Amino acid sequence: NRGKGFAVRIGMLNARGNLLLFADADGSAPIAELPRLEEALKQGAQIAIGSRALVSPETHVKARWYRRLPGRIFNLSVNLLVLPEFADTQCGFKLFTAKAARFLFERQRANQFSFDIELLFMAHQVGLKVVEVPINWQHVRGSKVSLLKDSIKMFVDIFVFKIRHRKLSPDAFRASTTADEVK
């Protein structure tokens, strides 16, 4: 067991297709929510992320208050430090174009729960279009996230990502996709 970030990275790097989705195994975000994310990509996004924080009349989120409150506080720190544009970076329901996924997951190094932030920070650095989409979501018992221990580790990781990917630029993504087309 090398962590969720490691497992998702290996899966995404071995996935095939034009669009690549990762979804939490517990089914908290039903696969029926996929068309919401696909629509965002049809409209020009390169990444669509499910959101439990965005309000929509068509969606409903059932979460425990004792998990929601620390999540909102953590997301506020992410907003203040690296990603001001996202209401929910940690929802485990994200859809990528194959080019965006390949570029990001080849560079992602976080093996634990902070990998979502690393991916979104890299996407931001290279100028990928990311759209946050409200989805239906329901808490499922058995979460492996330790609210205290993992939150502290994830907070520290934010600074690691800022240093690790500080030189990443839109040119890197363009060069990567051009090299893929030559192959």
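The coordinates are above.
Bear in mind that the values here come from a model prediction, so they are computed numbers and not experimental data. (Residues numbered from 1 in each chain as written. Predicted model: local features only at pLDDT ≥ 70, side-chain atom pairs only at ≥ 80, totals over all residues. Heavy atoms only, no water.)

## A few points about the pairing of strand β2 (residues 47–51)
The criterion, for reference: Per-residue accessibility, obtained with a 1.4 Å probe over protein chains only, is compared with the maximum for each type, and a residue is labelled buried under 20%, exposed over 50%, and partly exposed between these values. The secondary structure listing takes helices from DSSP runs of H or I that are at least 4 residues long and strands from runs of E that are at least 2 residues long, numbered from the N terminus. Two strands are said to pair when DSSP picks up at least two bridges between them.
Across the five residues that make up β2, a large majority, five, are buried. Every second residue of β2 is oriented toward a common face, with I47, I49 and S51 on one face and A48 and G50 on the other, all of them buried. Two strands pair when backbone bridges link them, and β2 and strand β4 (residues 93–97) are joined in this way by three bridges, in the antiparallel orientation. Within the sheet, the bridge partner assigned to A48 lies in β4 and is L95. Pairing between β2 and strand β5 (residues 130–134): five bridges, direction parallel. For S51, the partnering residue across the bridge sits in β5 and is P134.

## Observations regarding the sheet that holds β5
Two strands in a sheet stick together by hydrogen bonds in their backbones, pointing the same way (parallel) or opposite ways (antiparallel). For clarity, the threshold we go by: Here, axes are lines fitted to C-alpha atoms. For helices the fit covers the stretch in contact, and angles between N-to-C directions go from 0 to 180 degrees.
Here four strands make up an open sheet; going across it, the order is β1-β4-β2-β5 and the pairing mixed. The open sheet has two edge strands with one neighbour each: β1 (19–23) and β5. Strand-to-strand twist of the sheet, defined as the mean angle between neighbouring strand axes without regard to direction, takes the value 20°. Of the pairings in the sheet, the one linking β1 to β4 comprises five bridges and is antiparallel in character.

## Brief notes about the side chain of E132
Spelled out, the test is: The positive count covers Lys and Arg only, the negative count covers Asp and Glu only, and His and the chain ends enter neither. Salt-bridge detection follows one rule: a side-chain nitrogen of Lys or Arg within 4 Å of a carboxyl oxygen of Asp or Glu. Distance and chemistry together define a polar contact, namely a pair of N or O atoms within 3.5 Å, with one atom able to donate a hydrogen and the other to accept it when in protein, and with adjacent residues in sequence counting only for side-chain atoms on both sides. Between two residues, a contact is recorded if the distance between any of their heavy atoms is within 4.5 Å.
Along the chain, E132 turns up in strand β5. Within the buried core, E132 has no salt-bridge partner, and the shortest N-O distance to an opposite charge, that of R72, equals 6.9 Å. A distance of 3.0 Å separates the side chain of E132 from the side chain of S51, its partner in a polar contact. One polar contact links the side chain of E132 to the main-chain amide nitrogen of D88, over a distance of 2.7 Å. Among all residues touching E132, those that are not within four sequence positions of it are I49, S51, L54, E85, F86, A87 and D88.

## Overview of the nonpolar core
Quick note on the threshold: As used in this record, nonpolar core signifies buried Ala, Val, Leu, Ile, Met, Phe, Trp, Tyr and Cys residues forming a set joined through side-chain atoms within 4.5 Å.
Counting residues in each nonpolar core, the largest one holds 34 residues, and the members touching the most others are I47, F96, L104 and I117. Elements with a contribution of two residues or more to this core: α1 (4–14), β1, β2, α3 (65–81), α4 (98–107), α5 (115–126) and α6 (149–164). Once residues within four sequence positions are removed from consideration, L104 is found in contact with I47, F96, L119, M122, A123 and L128. Among the nonpolar cores identified, the runner-up in size contains 13 residues, and L41, A45, F93 and W137 belong to it.

## Brief notes about the environment of W137
Note on placement: W137 falls in strand β6 (residues 137–138). Placed 97 residues apart in sequence, W137 and A40 show a C-alpha to C-alpha distance of 18 Å. Sequence-distant contacts of W137, defined by excluding residues within four places in its chain, comprise S28, A29, R52, H60, V61, K62, A63 and C91. Of the polar contacts made by the side chain of W137, one reaches the side chain of S28; its length is 3.0 Å.

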